[in-house]
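Listed below, chain by chain, are the residues.
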Amino acid sequence: MATDSGEFEFDFAVSFAGEDRPTAEQFSKLVKAQGFSVFYDFWNKADLWGRNLYPHLAEIYSKKARFCVMFISAAYASKAWTRHEMQAAQERAFREHEAYILPVRLDDTAIPGIGETVAYLDLRRETIDEVAATAIEKITAVKSRGATTGGPAKAAPAVKPAAPAPLRAGNLNIKKQFT
């Protein structure tokens, strides 16, 4: 079960093209069912209504979520709003040295700014349930470490190093026969 999101309003911000909404919604439902907070536009209609979405969405995708899950497809590459969300997420990723953008491929479309060396999950090889389970595993690990993606790393408390174990001498006899 999820714990408090700490300094983030959302555990995950989901970025997707309208054509991929059913997949993004299914992912969002699976993650939310386990108690994690998700920015999924349809669940935030009242908050979004009447706002200037350009700066508001930029803030969500660059500051208010612990991770950004991007459902990458040809439709994603062709949309102005997804480019805006991606640019905001990339701004965040540039500031940090931790994984922030979690790409999920729906096809082989190349997305500028998401390099070929960035690890991704592929919905042609995994189910949406497996993708959600992996996302939950990732955020649970981050929260259990107390990591705070989204800001400067906190200094670890000073710990006095333990004294080295005393060296031991003895009559250790090791056979030199290997099988």
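This section reports on the structure supplied with the text. None of these values were measured; they are calculated from a predicted model.

Parameters and conventions
Residue numbering note: each chain is counted from 1, following its sequence as written. Reporting in this predicted model follows two pLDDT cut-offs: at least 70 for local features of residues, and 80 or more for side-chain atom pairs to be given and counted; totals over whole chains, interfaces and linings ignore these cut-offs and use all residues. Think of the side-chain values as coming from all heavy atoms in the structure, minus any hydrogens and water. For salt bridges, the criterion is a side-chain nitrogen of Lys or Arg within 4 Å of an Asp or Glu carboxyl oxygen. Where helices and strands are cited, they refer to DSSP runs of H or I of at least four residues and of E of at least two residues respectively, numbered from the N terminus. The rule is simple: take the accessible area with a 1.4 Å probe, protein chains only, and divide by the maximum for that residue type; under 20% is buried, over 50% is exposed, in between is partly exposed. DSSP calls a pair of strands paired once it identifies at least 2 bridges connecting them. We call two residues contacting when some pair of their heavy atoms lies within 4.5 Å.

Any two side chains of opposite charge can pair, on the condition that their charged atoms come close. Enumeration over the complete set of coordinates arrives at 12 salt bridges. The closest approach of N and O atoms between glutamate 25 and lysine 29, which form a salt bridge, is 3.4 Å. Of this pair, glutamate 25 and lysine 29 both sit in helix H1 (residues 21–33), separated by 4 residues, roughly a single helical turn. Residue glutamate 96 is joined to arginine 92 by a salt bridge in which the shortest nitrogen-to-oxygen separation is 2.4 Å. Using a relative accessible area of 9% as the deciding quantity, one classes glutamate 96 as buried. Connected via shared salt-bridge partners are Asp108, Asp122, Arg124 and Arg125.

Within strand E3 (residues 65–72), 8 of the 8 residues are buried, which leaves it mostly tucked inside the rest of the structure. Looking at chain direction, strand E1 (residues 10–15) and E3 are connected through 5 bridges and run parallel. Opposite valine 14, over in E3, you have valine 69 as the bridge partner.

So, about the side chain of threonine 82. Residue placement: threonine 82 occurs in helix H5 (residues 80–95). Excluding residues within four positions of it along the chain, threonine 82 makes contact with Phe16, Ala17 and Tyr76.

A word on the sheet that holds strand E5 (residues 121–122). With respect to topology, 5 strands assemble into an open sheet ordered E2-E1-E3-E4-E5, the strand pairing being parallel. Only two strands of the sheet have a single neighbouring strand rather than two, namely strand E2 (38–39) and E5. The pairing of E3 with strand E4 (residues 101–105) spans 5 bridges and is parallel. By the bridge assignment, cysteine 68 is partnered in E4 with isoleucine 101.

Taken by themselves, the reported measurements are silent on function.
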